[in-house]
Amino acid sequence: MRGDQGFPVRLRFAKRGKVRFISHRDVARAFERAFRIERLPLAFTVGFVPRPKVSFGLALSVGHESDAEYLDVELEDAVDLDRWPDTLSAALPEGITVTGAVGLADRAPALQEAVTAVQYRVGVAGADRGEVAVAVEQALSRPTLGTTRTRKGREVVEDVRPALLGMEVRPVHDRDDDGRVVVDLEVSTQPKGTRPTEILAAVGEHLTAERVLRTHQWIERAGARLEPLEADARLRVPEARAS
Amino acid sequence: MSNLWPAVEPLLARVQKPARYIGMERGAQAPEHSSALVSWLLVYPDTYEIGLPNQGLQILYEILNERGDAVAERSYAPWVDMEGELRGAGVPLFSVDTHRHAGRFDVLAFNLSAELVYTNVLNCIDLAGVPVRAEHRRPEDPIVVAGGHCAFNPEPMADFVDAFVIGEGEEVVGEMTEVISAWKRSGRTSREGVLRELAGVPGVYVPAMYEVEYDGPFVREVRPRFADVPARVDKRTVADLADWPYPKNQLVPLVEVVHDRLNVEIFRGCTRGCRFCQAGMITRPVRERPDEQVRTMVREGLRRTGYDEVALTSLSSADFSGVDGLVADLVNKQEGTGCVGLSLPSLRVDAFTVGIASEIQKVRRTGLTFAPEGGTWRIRQVINKLITEEDLYAAVDGAYSQGWRRVKLYFLTGLPTEMDEDTLGIAELARNVVKVGRQYTKHASCTVSLGGFVPKPHTPFQWFGQNGIAELHRKVGLVRTALRKSGAQLRWHDPEATFAEGIASRGDRRIGRVIEHVWREGGTFQEWSERFSVDRWQDAMAACGLDAEWYVTRHRTADEVLPWDHIAAGLHRDFLWQDWQASLQAHGLPDCRWTPCYDCGVCTDYALEHVVASPVAPAGGSQGTGQDLSQGGDMPVEFLTHPSTRPDAATGASERDKQVGAHAG
Ligand code: SF4
């Protein structure tokens, strides 16, 4: 149970460059080491093998980059959160950068359940801009969008249309570093996550997602769309500023 | 183009474990190259996960990068899928640090830790765009260097390697750098010239400077081609580890690797004198790191890396003098966050070791591993592994009674003089161990790990004819049958792989053709069972007109010139032969660190001596100081009279697997 005695904190971080080739699990281990290097006062589970109380949000596929990754960690003592991003980034592998930290309200829901939508920016190969735009328009107008997945060795067709919340081809000048057409994509994470690569394959079978960047994660609550750092932040009393 | 990353990156989306190829470990360096610097690419010829933790490679990486005249980067054998992608895209082997073309380095240096990686060495040279055979290389090609334990018999790799380093590399890499630097400054013309210079560096063996003369199938002589080339190459040894507190910045990988923890080497060398153990023989004498330095390296290493586990490494860490005090302090005084795990490999099998283990594994007592190696006291005297049954039962009783549930036992089979009763003794010991365990818990389990013995150069068993494939299968079968319904599980090493290892272990220069043949037939990653096929090796031997049995299962005689006789580990040939004869009489030999020197040759010839951290020897029974060898020689055996000891084939369990410790399985 969150917030019973400790101080829960939510971090936002980016995963960019070569480090995108490490797995979600590897990222978790890198954070555990960074917490130890910086000697943060982590709260531990009780049991045979005490583990720090850290929980990560939605997994990011190996090879994809992100500007919007989150993790929740529980501390034993309050620390100065303003210093966190820089301190932790220095102890993390190059390319993993902590970009924000907030104290969490008591009993804030876990990241996995709270996040409802994810946004990606995708560098697309396999067609020119015009063809991509046509394919996107057609996909959005269709009621279903089938894609084949392999489940337990069997091929099954699944409809990814309900997961596709929005898709837009970026203007010509927004090509990615390798000159590819860039598409913005918003995907629902509930009831289960759908990969941007799966959506793209359903939009056009010749289209491939060459470069994927997760740009946002969103928590939809009572009609409002919140960024996870803001959604459950502990209210902070504004400090008096000496000027 | 010096940075190949743009070419490598698109390939990574299509391979397993792409993080193998990105580098970026904490502690990694991105050195600036220049034509004035000698550039070394240190290559581990196995996967990244196995190669990254290698301490030898990491030590040289730091030492070279600290020099003003050298830079060093690292590379690992690309897995089969990545090799396919590289070849398909025409991209060469690269360093993981700055993704630089491997063929653009001045030196490609390989770590030879096991024979079955030899074909990977050829593959890496080829992927670097460098001619595989040394004789075809041009002055602009890198100099191919190899070191590590297998370099003590360099001959099977002599066709492919320009210069071998025999022994410890800390000092010699600097001396080699100076020679190569002068050669670069002089315009890098004749390759022969620089190789001849390198041959003059103590500890460096340049095979092209030697001619091998044969006498039928036998080697008659390995002769230097020039007067200034030494007839014998002696190993290099650093006198005092206190001068070498490396690695100072152990690499912290981003992905899981073997031995994924802080590793602090607490001593080198081993004087227990196990006769099958090449590592113990070639790394004498014992040099312990000062106690205080160990503590500093642990403290600073944990702080810098963020690891929560440390291994105190050596061939047998429970033999470190003052180990009990060290362990107690490390376990109790770890400040900082959370819990710190400690593990230490140990060859001792006794209550003392279990005492240390219980100090370490305060809470989660899962598994302990012991290596009695032989099934009966007689065979353990033959191999000089002087563990009594009482020691073993005391150890496992201690383990099970204190909450451990799993005990793993390592044994070798195919040992000299081994009779079926010795082989069956393995099953007998395991059955008794299960019985001991069941007194404490009905969940007690015992795993027997059985390796076929491969005789190694520079050991007393270098003259012994290895057991053949069929004989090893028969012996594994004996143990398997005898373990039915015993509650113990058996795992064994593939006798076919043991046989291939035997070809390379004591091979001569002619085996180079065989290795090349296996590689050309696609035989890479031979230590991976899914990639290994003994047929490839047999076919290659046949194609080269060589008799595999002659190399593997034949006993050598006293007067035979061994292919590695011109390489010296400091052990006198007379000593090794006497020890071989003593073993056949089942006579044990004490540990010379705590009992008088019997002059094996190492300290006397090389003006070295044991360096101990504390004058107090580790406590405890026959495996501590007061070795009781009175039982030695009680049961003389006749060699090779029993049908089960037909010369036939096999591999030792790797030392690194024999772990006692907090997270040991
Ligand atoms: S020379 Fe003597 S003390 Fe040194 S390792 Fe050999 S036997 Fe032991």
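Along every chain, residues carry numbers that run from 1 in the direction the sequence is written. Numbering of ligands from 1 and lettering of chains from A proceed in the order in which they are written. In keeping with the model being predicted, local features are shown solely for residues with a pLDDT of at least 70 and side-chain atom pairs are shown and tallied solely at 80 or more, while totals for entire chains, interfaces and linings include all residues. Each side-chain value is worked out from all heavy atoms of the structure, with water and hydrogens disregarded.

## A word on the overall build of chain A
- On a plain count of helices and strands, chain A comes out with six helices and eleven strands.
- In terms of principal-axis extent, the alpha carbons of chain A reach across some 55 × 50 × 35 Å.
- Looking at chain A as a whole, 51% of its 243 residues are labelled buried.
- Only heavy atoms enter the contact rule, under which two residues are in contact if any of them lie within 4.5 Å. Across chain A, every contact between residues at least 6 apart in sequence was considered, and the portion connecting residues at least 24 apart equals 73%.
- A total accessible area of about 12400 Å² is found for chain A, and carbon and sulfur atoms account for 50% of it.
- When the 36 positive and 38 negative side-chain charges of chain A are each reduced to one mean point, those points stand 4 Å apart. Per the convention used, a helix needs a DSSP run of H or I reaching at least four residues, while a strand needs a run of E reaching at least two, with both numbered from the N terminus. Using a 1.4 Å probe on the protein chains alone, a residue whose accessible area is under 20% of its type maximum counts as buried, one over 50% counts as exposed, and one in between counts as partly exposed. Accessible surface is estimated by sampling points in the Shrake-Rupley manner with a 1.4 Å probe; for residues, cover comes only from the protein chains shown. Positive residues here are Lys and Arg, negative ones are Asp and Glu, while His and the chain termini are left out of the count. Working definition for charges: the position is that of NZ of Lys, CZ of Arg, CG of Asp or CD of Glu.

## Points about the overall build of chain B
- In terms of regular secondary structure, chain B is built from 21 helices and 20 strands.
- In terms of overall dimensions, chain B is globule-like: its C-alpha atoms have a radius of gyration of 24 Å, near the 26 Å expected for 665 residues.
- With the principal axes as the frame, chain B shows a C-alpha extent of 70 × 65 × 50 Å.
- By the burial criterion, 64% of the 665 residues in chain B qualify as buried.
- Surface accessibility of chain B: about 22900 Å² in total, with carbon and sulfur atoms responsible for 51%. Radius of gyration here is computed from C-alpha atoms only, and the compact-globule reference equals 2.2 Å multiplied by the residue count raised to the power 0.38.

## Remarks on the side chain of B:Asn120
Residue and element names in this part refer to chain B.
- Tracing the sequence through the fold places Asn120 in helix 5 (residues 118–127).
- For Asn120, a relative accessible area of 2% puts it in the buried group.
- Identification of polar contacts relies on pairs of N or O atoms within 3.5 Å, with a donor-acceptor requirement for protein atoms, meaning one able to donate a hydrogen and the other able to accept it, and with residues adjacent in sequence counted only if both atoms are side-chain atoms. Separated by 2.9 Å, the side chain of Asn120 and the backbone oxygen of Pro45 make a polar contact.
- Within the structure, the side chain of Asn120 is placed 2.7 Å from the backbone nitrogen of Phe525, a separation counted as a polar contact.

## Looking at the nonpolar core
- In this text, buried Ala, Val, Leu, Ile, Met, Phe, Trp, Tyr and Cys residues form a nonpolar core when linked through side-chain atoms within 4.5 Å. Grouped together as the largest cluster of nonpolar side chains are 179 residues, with contacts concentrated most on A:Leu11, A:Phe31, A:Phe35, A:Trp84, B:Trp40, B:Phe110 and B:Leu198.
- Sorting elements by how many residues they give to this core places helix 1 (residues 24–37) of chain A first, with seven residues.
- Once you skip the residues sitting within four places of it in the chain, A:Phe31 turns out to touch A:Leu11, A:Phe13, A:Phe56, A:Leu71, A:Leu92, A:Ile96 and A:Val98.

## Considerations on the domain arrangement of chain B
All names here are of chain B.
- Here the bounds of each domain stem from an automatic or database domain assignment. Domain annotation for chain B reports domain 1 (5–234) and domain 2 (258–500 + 608–664).
- Taken together, the 14 residues of domain 1 in the interface contact 17 residues of domain 2.
- For any pair of parts, buried area is found by adding up, for both, the accessible area (1.4 Å probe) each one loses once the two are put together. Roughly 1300 Å² is buried in total at the junction of domain 1 and domain 2, and carbon and sulfur atoms are behind 49% of that figure.
- Broken down residue by residue, the surface that domain 1 buries against domain 2 is led by His149, Phe152 and Glu168, which jointly contribute 37%.
- Whenever Lys or Arg places a side-chain nitrogen within 4 Å of a carboxyl oxygen from Asp or Glu, that contact is recorded as a salt bridge. Counting every contact that joins domain 1 to domain 2 gives four salt bridges.
- The partner of Glu115 in a salt bridge is Lys456, with the nearest N and O atoms 3.1 Å apart.
- Joining domain 1 to domain 2, the criterion identifies seven residue pairs in polar contact (both at pLDDT 80 or more).
- Elements with a contribution of two residues or more to the side of domain 1 that touches domain 2: helix 2 (48–51) and helix 3 (55–66).
- In terms of residue class, the side of domain 1 that touches domain 2 is built from five nonpolar, four polar and five charged. Under the grouping applied here, Gly and all other residues not named as nonpolar or charged are polar, the nonpolar ones being Ala, Val, Leu, Ile, Met, Phe, Trp, Tyr, Cys and Pro and the charged ones Asp, Glu, Lys and Arg.

## Considerations on the sheet that holds strand 18 (residues 488–492) of chain B
All names here are of chain B.
- Ordered in space as 15-16-17-18, the four strands form an open sheet in which the pairing is parallel. Of all strands in the sheet, those with a lone pairing partner are strand 15 (367–373) and strand 18, marking the two edges. Strand-to-strand, the axes of this sheet are offset by a mean angle of 20°, without reference to chain direction.
- Here five bridges tie strand 15 to strand 16 (residues 406–413), and the two strands are oriented parallel to one another. When the sheet's bridge partners are listed, Leu368 is paired in strand 16 with Val407.
- The sheet contacts of helix 15 (residues 469–482) involve strand 16, strand 17 (445–452) and strand 18, and relative to strand 18 the element is tilted by about 170°. Two strands form a pair only when DSSP identifies at least two bridges running between them. Under this scheme, a helix contributes an axis fitted over its contacting stretch, all axes are lines through C-alpha atoms, and angles between N-to-C directions fall in the 0 to 180 degree range.

## Some details on the pattern of salt bridges
- In total, this model carries 70 salt bridges over all chains according to the counting rule given.
- With a shortest N-O distance of 3.0 Å, A:Arg29 and B:Asp260 are connected by a salt bridge. Of the two residues, A:Arg29 sits in helix 1 while B:Asp260 sits in the loop between strand 9 (233–234) and strand 10 (262–265), which places them in two different chains. We note that A:Arg29, like B:Asp260, is buried.
- A salt bridge links B:Asp508 to B:Arg510, with the nearest nitrogen and oxygen atoms 2.6 Å apart.
- The class for B:Asp508 is buried, based on a relative accessible area of 3%.

## Considerations on the packing of aromatic side chains
- Ring geometry is summarised as follows: Phe, Tyr and Trp rings, the Trp one being its six-membered ring, pair when their centres sit within 6.5 Å, and such pairs are stacked at plane angles under 30 degrees, edge-to-face over 60 and tilted between the two. Applying the stated criterion across every chain, the model contains 21 aromatic pairs over all chains.
- The interplanar angle of 75° and the centroid separation of 6.3 Å between the aromatic rings of A:Phe21 and B:Trp5 together place this pair among those described as edge-to-face. Of this pair, A:Phe21 sits in the loop between strand 1 (7–15) and helix 1 while B:Trp5 is found in helix 1 (residues 5–12), placing the two residues in two different chains. Each member of the pair, A:Phe21 together with B:Trp5, is buried.
- Centre to centre, the rings of B:Trp244 and B:Tyr246 are 6.1 Å apart; their planes meet at 40°, and the pair counts as tilted.
- Classification of B:Tyr246 as buried rests on a relative accessible area of 8%.
- Among the aromatic residues, those joined into a ring-pair cluster are A:Phe13, A:Phe31, A:Phe35, A:Phe56 and A:Trp84.
- Placement of a positive charge over a ring is assigned whenever Lys NZ or Arg CZ falls within 6 Å of the ring centre and within 35 degrees of the normal to the ring plane. The ring of B:Tyr61 carries B:Arg74 above its face, with NZ or CZ at 5.0 Å from the centroid.
- Across from the ring centre of B:Phe226, 3.8 Å away, lies the NZ or CZ of B:Arg196, which sits over that ring.

## Describing the domain arrangement of chain A
Residue and element names in this part refer to chain A.
- Under the domain assignment, chain A is made up of domain 1 (7–112) and domain 2 (114–224).
- Between the C-alpha centres of domain 1 and domain 2 the distance comes to 27 Å.
- Tallying the contact residues gives 18 residues for domain 1 and 17 residues for domain 2.
- Between domain 1 and domain 2 the total buried area reaches about 1400 Å² when both faces are included, carbon and sulfur atoms providing 49% of it.
- Contact with domain 2 buries surface across domain 1, with Leu58, His64 and Glu65 losing the most and accounting together for 37% of the total.

## Let's talk about helix 17 (residues 511–520) of chain B
Residues and elements named next belong to chain B.
- Judged by how many residues are buried, helix 17 sits mostly within the fold: seven of ten residues are covered.
- Taken together, the buried positions of helix 17 are occupied by Ile511, Gly512, Val514, Ile515, Glu516, Val518 and Trp519.
- On its buried face, helix 17 sits against helix 5, helix 16 (495–505), helix 18 (534–543) and helix 19 (548–552).
- Count one or two residues on from helix 17 and you reach Gly522, which has phi positive near 95°.

## Quick word on the packing of helix 15 of chain B against helix 16 of chain B
All names here are of chain B.
- It is the contact of helix 15 with helix 16, at a shortest axis distance of 9 Å, that shows an interaxial angle of 140°. Relative to helix 16, helix 15 is oriented oblique. For the element pair helix 15 and helix 16, the recorded crossing hand is right-handed. Contact residues: Ile469, Leu472 and His473 in helix 15; Pro495, Glu496, Thr498 and Phe499 in helix 16.
- Residue composition of the contact of helix 15 with helix 16, grouped by class: four nonpolar, two polar and one charged. Any angle that is under 35 degrees is reported as roughly parallel, and any over 145 degrees as roughly antiparallel; angles of 65 to 115 degrees are reported as roughly perpendicular and all others as oblique. The sense of a crossing depends on the near helix, which, turned anticlockwise from the far helix by less than a right angle, makes the crossing left-handed and, turned clockwise, makes it right-handed.

## Structural notes on the confidence of the model for chain A
Residues and elements named next belong to chain A.
- Chain-level statistics for chain A give a pLDDT mean of 88 and a share of 94% at 70 or above.
- pLDDT runs from 0 to 100 and stands for how confident the predictor is about each residue. Per-residue pLDDT, averaged within each element of chain A, yields its smallest value for strand 6 (residues 146–151) (81) and its largest for strand 4 (residues 96–103) (96).
- Low confidence marks residues 237–243, where pLDDT is under 50. Its contacts with residues over four positions away, or in another chain, come to zero contacts.

## Things to note about the sheet that holds strand 2 (residues 70–76) of chain B
All names here are of chain B.
- Spatially, six strands are ordered 2-1-3-4-5-6 in an open sheet, and the strand pairing comes out mixed. Edge positions in the open sheet fall to strand 2 and strand 6 (204–205), since each of these has one partner strand only.
- Sheet topology places strand 4 (residues 143–147) next to strand 5 (residues 163–165); two bridges connect them, and they run parallel. By the bridge assignment, Ala146 is partnered in strand 5 with Phe164.
- Contacts from helix 3 reach strand 1 (38–44) and strand 2, with the element oriented near 155° to strand 2.
- Each of strand 1, strand 2, strand 3 (107–111), strand 4, strand 5 and strand 6 is contacted by helix 6 (residues 172–185), which is oriented at about 130° to strand 1, the strand it contacts most.

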